[in-house]
Amino acid sequence: MISQILREARRFEEVEGDQIPSELRPLFHLTPRVGWMNDPNGFSYYNGYYHLFYQYYPYMKKWGPMHWGHAITKDLLSWEFLPAALAPDTLPDSGGCFSGSAIETDDGKHLLMYTGVVKLSDLDEDKFIQAQCLAEGDGIDYVKCVDNPIIDNTNIPEGLSKYDFRDPKIWREADGTYRCVIGGCTEDHKGRILYFKSDNAYNWEFVSVLAENDGSLGTMWECPDFFELDGKYVLLTSPQDCLRTDKYNCGNIVVAMIGTFDPETGKFHKETEQLVDSGIDFYATQTLLSEDGRRIMSAWMQNWDSIVHTIRPLRWFGQMALPREIHVKDGRLFQEPVRELEKLRKNKVTAENVHVNETVKVEGISGRIIDMTVRIRPEYPNSYRKFKIRFAEDETQYTSLTYRPSENALEFDRSHSGTRRATIHTRKCHVADNNGEIKLRIIMDRFSVEVFINDGEQAMSYVIYTDQTADGISFISFGDAVIDVEKYDLSFE
Ligand code: FRU
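How each quantity is defined
Along every chain, residues carry numbers that run from 1 in the direction the sequence is written. Two thresholds apply to this predicted model, a pLDDT of at least 70 for residue-level local features and 80 or more for giving and counting side-chain atom pairs, whereas whole-chain, interface and lining totals are computed over all residues. Side-chain measures here rest on the full set of heavy atoms in the structure, leaving out hydrogens and waters. Strands here mean DSSP runs of E at least two residues long; helices mean DSSP runs of H or I at least four residues long; both are numbered from the N terminus. We take the radius of gyration over the C-alpha atoms and set the globule estimate at 2.2 Å times the residue count to the 0.38 power. Relative accessibility thresholds used throughout: buried, under 20% of the residue-type maximum; exposed, over 50%; partly exposed, between the two (1.4 Å probe, protein chains only). We call two residues in contact whenever any of their non-hydrogen atoms come within 4.5 Å of each other. The Shrake-Rupley method, run with a 1.4 Å probe, gives the accessible areas here. Residue values count only the displayed protein chains as cover. Neither His nor the chain termini are counted; the positive set is Lys and Arg, and the negative set is Asp and Glu. Taken as the charge location is NZ of Lys, CZ of Arg, CG of Asp or CD of Glu. Between rings of Phe, Tyr and Trp, where Trp is taken as its six-membered ring, a pair exists when centres lie within 6.5 Å; planes separated by under 30 degrees are stacked, by over 60 edge-to-face, and by other angles tilted. A molecule or strand has a residue near it when one of that residue's heavy atoms lies within 4 Å. For this analysis, a polar contact is any N or O atom pair within 3.5 Å, provided that within protein one partner can donate a hydrogen and the other can accept it, and provided that sequence-adjacent residues contribute only side-chain to side-chain pairs. Pairing between two strands is assigned when DSSP locates at least 2 bridges connecting them. All axes here are fitted lines through C-alpha atoms, helices being fitted over the stretch that makes contact, and every angle between N-to-C directions spans 0 to 180 degrees. Bear in mind that the domain bounds are from an automatic or database domain assignment. The quantity reported as buried area is the accessible area (1.4 Å probe) lost by two parts once they are put together, taken as the sum for both. Any carboxyl oxygen of Asp or Glu that lies within 4 Å of a side-chain nitrogen of Lys or Arg is treated as forming a salt bridge with it.

K.L.:
Give me the overall build of the protein chain: which residues, what numbers.
P.N.:
Summing up its helical and strand segments, the protein chain has one helix and 31 strands in all. Taking 493 residues into account, the globule formula puts the C-alpha radius of gyration at 23 Å, and the protein chain, at 23 Å, falls close to it. Projected onto the principal axes, the alpha-carbon positions of the protein chain cover approximately 70 × 50 × 45 Å. Scored against the burial criterion, the 493 residues of the protein chain give a buried share of 60%. Look at the contacts in the protein chain between residues 6 or more apart in sequence, and 59% of them connect residues 24 or more apart. Of the roughly 20,200 Å² of accessible surface on the protein chain, a fraction of 47% belongs to carbon and sulfur atoms. When the 55 basic and 78 acidic side-chain charges of the protein chain are each reduced to a single mean position, those positions are 4 Å apart.

Encoded structure:
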């Protein structure tokens, strides 16, 4: 039986969402069917499709009582909407169905594990009691478990906050038993990741605090994910409210911790730690293991502090980042666009050994839905001071990437990219050169730019709202530089 609240959401999204013309959405990045989207949820492979759910409020382009929107895809690029899967329609999730994950059970059901929240009082709107819930379904309709919540704060050690206990990520071990990690923090807001086990996915036992923080890395640790990759263990989490340090930006960020894991004690031993994406818009990652064994990462291509950066004509807000294949190499997380993207490449244009001094435009190099790789090197040692690529460019608008070899610094600037808001628009990251050369792969899809640096050693993701007619690309060097460019239009036809 589908509740009235879910039925209304489904009717609303069908009528309103299906009127949105496809040119007013990205081509291959997932947006909400209509209204608001945040975190990716339930990213899983089930019955021949990848399923990606999302934190969803269909009625406005604002966060509201959370539903789960739903889309499926075969190639991680062309998405088909399915009806909203969850709505806040039972007592344990009356305040919203917060983030969570999905898995297939032995009897072929699609099991969603999510955080049900209950608002404490209207006077203190920020307080939600949070506990973990289940819903079981067939890939379209889901029935919530009558025993919800199945994990609440009575299952966790004392001193942990019941108001910040959310975002379960479930997986199965080789022996068929279940594990999950859940984000949390102490009552005085120090991040914790909690590790649980279960034989049947319904009765859970707390095992350990998998990872903990002394308060130096943000407050609550949201959206954890934990998996083995390339012989190491990786813990992904999104700490809230970070203070600026030498290593990290302030605000909400995603970090990857790489190390070893002792299954007996349930303790993770961290060896290295890094920022996952050095751009502005990237948060709340979630991964899946594909049928062919690839670890693929999705994320909300947005930043809580810049959600004011939007434009009126769009009936949706929020995009998912391009799914990325991730790897661990030398203690670092590498990420590259899923290889399926290569099938969309059309109209190849290449230019090699192009000498750049001042401004150069290359014949055939333009566009707003493109996959472009640029290699930049000096003509002779120290021959250039600064190199700029301007894209989404016309007479008044542009987005730029600037590389300064003396500092090994790459700076992104979207302040001329359709924004009318005074939030942060520039960010820098440190880039290692390879015998003087750097390699940038730039993926644009109407309303975003994702930059993959040196074969995925680093990434930077940004939303832009520049007019779609601004499709110019220029290369500008202060001094003598040489570039190779390879550019494709991206299209399904
Ligand atoms: C992260 C987050 C999650 C929570 C969800 C609510 O962006 O705050 O921790 O489950 O959003 O929409």
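Moving on from the coordinates now.
K.L.:
Residue-level account of the packing of aromatic side chains, with values.
P.N.:
Counted under the stated rule, the structure contains 27 aromatic pairs. Taking the centre distance of 6.1 Å and the plane angle of 70 degrees together, the rings of Trp-68 and Tyr-114 count as edge-to-face. Placement of the pair is Trp-68 in strand β3 (residues 67-73) and Tyr-114 in strand β6 (residues 110-119), with a sequence separation of 46 residues. Residue Tyr-114 is classed as buried on the basis of its relative accessible area, which comes to 0%. Residues Phe-196 and Phe-206 carry aromatic rings whose centres are separated by 5.5 Å and whose planes lie at 75 degrees to one another, so their mutual orientation is edge-to-face. Remark: Phe-206 occurs in strand β12 (residues 204-212) and Phe-196 occurs in strand β11 (residues 191-198); sequence separation between them is 10 residues. Using a relative accessible area of 24% as the deciding quantity, one classes Phe-206 as partly exposed.

K.L.:
Can you tell me about the site of the ligand, naming the residues and giving the values?
P.N.:
Around the ligand, the surrounding shell consists of Asn-38, Asp-39, Gln-55, Trp-63, Met-66, Phe-98, Ser-99, Arg-166, Asp-167, Glu-222, Tyr-283 and Trp-304. One of the side-chain N or O atoms of Gln-55 is found 2.7 Å from an oxygen atom in the ligand. Contact distances for the ligand include 3.0 Å between an oxygen atom and a side-chain N or O atom of Trp-63. Within the complex, 95% of the 320 Å² of free accessible area of the ligand lies under protein. Every element with two or more residues in the shell around the ligand is listed here: β1 (35-46), β5 (96-104) and β9 (160-172).

K.L.:
So, the sheet that holds strand β8 (residues 142-144): which residues are in play, and what are the values?
P.N.:
Sheets are built from strands paired through backbone hydrogen bonds, the pairs being either parallel or antiparallel. Taken in spatial order, the four strands make up an open sheet running β5-β6-β7-β8, and their pairing is antiparallel. The outermost strands of the open sheet, each flanked by one partner alone, are β5 and β8. Taken pair by pair, the neighbouring strands of this sheet meet at an average axis angle of 30 degrees, ignoring direction. Strand direction decides the pairing type here: β6 and strand β7 (residues 128-137), joined by 10 bridges, are antiparallel. Pairing of His-110 across the sheet is with Gly-137, part of β7.

K.L.:
Explain the pairing of β11 to me, and be specific about the residues and the numbers.
P.N.:
A large share of β11 lies buried, amounting to seven of its eight residues. Pairing of strand β10 (residues 178-186) with β11 involves eight bridges; the strand directions are antiparallel. Bridging across to β11, Gly-184 finds its partner in Arg-192. Here β11 pairs with β12 via seven bridges, running antiparallel. Opposite Arg-192, over in β12, you have Glu-212 as the bridge partner. Between β11 and β12, which pair antiparallel one after the other, the connecting turn spans five residues, and Ala-201 there sits at a positive phi close to 75 degrees.

K.L.:
Pulling in residues and values, what's your account of the domain arrangement of the protein chain?
P.N.:
Domain boundaries in the protein chain define domain 1 (4-337) and domain 2 (343-490). For domain 1 and domain 2, the distance between their C-alpha centres works out to 31 Å. Taking both sides of the interface into account, the surface hidden between domain 1 and domain 2 amounts to around 3,100 Å²; carbon and sulfur atoms contribute 58%. When the area that domain 1 buries against domain 2 is broken down by residue, the three leading residues are Ser-278, Ile-280 and His-309, summing to 22%. Remark: the boundary between domain 1 and domain 2 carries two salt bridges. Residues Asp-281 and Arg-414 are paired through a salt bridge, measuring 2.7 Å at the closest nitrogen-oxygen approach. Taken together, the connections running from domain 1 to domain 2 amount to 21 residue pairs in polar contact (both at pLDDT 80 or more). Contributions of two or more residues to the side of domain 1 that touches domain 2 are made by β19 (316-317) and β21 (332-337). The greatest single-element share of the side of domain 1 that touches domain 2, amounting to six residues, is contributed by β21.

K.L.:
Requested: an account of the sheet that holds strand β15 (residues 255-262), with residues and values cited.
P.N.:
Read across the sheet, four strands follow the order β13-β14-β15-β16 without closing on themselves; strand pairing throughout is antiparallel. The open sheet is flanked by β13 (221-229) and β16 (267-275), the only strands paired with a single partner. Between one strand axis and the next, the sheet turns through 25 degrees on average, direction left out of account. Where β13 lies against strand β14 (residues 232-239), seven bridges are found, and the strand directions are antiparallel. Across the sheet, residue Trp-221 finds its bridge partner in β14, namely Pro-239.

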